[in-house]
Amino acid sequence: MTVLYAALLGYAFGSVPFGLLIARIGGKGDIRSIGSGNIGATNVLRTGSKGLAAATLLLDLAKGLVPVLIAKELFWQDAGWTALFAVIGHCFPVWLGFKGGKGVATNAGVAFGLAWPIGLAYAAVWIAMLAITRISSLAGMSAVVGAAIAAYALGEPTWWKVMTIIAVLVIWLHRENITRLMAGTEPKVGGSKES
């Protein structure tokens, strides 16, 4: 029964569409009608507001971190389910017809929530790849793989399996980005045609 509670806890937090809410409150309208149509921080940045994008990033990270920390207190052995469903909730929120974000920031939150070395690996890979390539999607995909590898290195079987499932999901959600990367047309952060 605790598995169900853990999953519901993660989904309840993860499915809150902060990007959509923040953009509306900030007077930017429906974030789904601009850029990629995504509700994540990268698309909020395309409104021209770094402040709203930063707030979205932090809140999307928090909705992964907070439920995992709660789950570790209430049902430690099932915290991995909370982590998985926080990301699923972000990517497939029932409130938006199951059309959400791509899970990058929320995965960062669950990584830090499960164990700080996993979160640190995530952050280090993300920062390094973004600095080298200036391509947000590539940095995000690389970071989720880095987090899964770090979870495996820690020797927590449930956690590395969960982080691997999340990595596969995040990469699958980036399939259009992968196509553009292969074609050399994926936009860079700060580029004039980012979409």
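Use the structure listed above.
The rules we used
- Residues numbered from 1 in each chain as written.
- Predicted model: local features only at pLDDT ≥ 70, side-chain atom pairs only at ≥ 80, totals over all residues.
- Heavy atoms only, no water.
- Helix = DSSP H or I, 4+ residues; strand = E, 2+ residues; numbered from the N terminus.
- Rg over C-alpha atoms; globule rule 2.2 N^0.38 Å.
- Buried < 20%, exposed > 50% of the residue type's maximum accessible area, 1.4 Å probe, protein only.
- Contact = heavy atoms within 4.5 Å.
- Core = buried A, V, L, I, M, F, W, Y, C linked by side-chain atoms within 4.5 Å.

> Tell me about the overall build of the protein, and name the residues and values.
Of the regular secondary structure elements, the protein holds 10 helices and 0 strands. Beginning at the N terminus, the succession of helices and strands in the protein can be written as α-α-α-α-α-α-α-α-α-α. Its C-alpha radius of gyration of 16 Å places the protein within 12% of the 16 Å reference for a compact globule of 195 residues. In the protein, buried positions account for 47% of the 195 residues. Pairs at least 24 residues apart make up 60% of the contacts formed inside the protein by residues separated by at least 6 positions.

> How would you summarise the nonpolar core if you had to cite specific residues and measurements?
Core analysis: the largest hydrophobic core is formed by 31 residues, its most contacted members being Val110, Leu114, Ile118, Tyr122, Met163 and Ile166. Every element with two or more residues in this core is listed here: helix 1 (2-14), helix 4 (50-74), helix 5 (79-91), helix 6 (104-114), helix 7 (116-133), helix 8 (136-154) and helix 9 (157-173). Per element, the largest residue contribution to this core is 8 residues, and it comes from helix 9. Excluding residues that lie within four positions of it along the chain, isoleucine 166 makes contacts with Ala83, Leu84, Val87, Asn107 and Val110. Ile22, Val44, Leu52 and Ala53 belong to the second largest nonpolar core, which has 9 residues in total.

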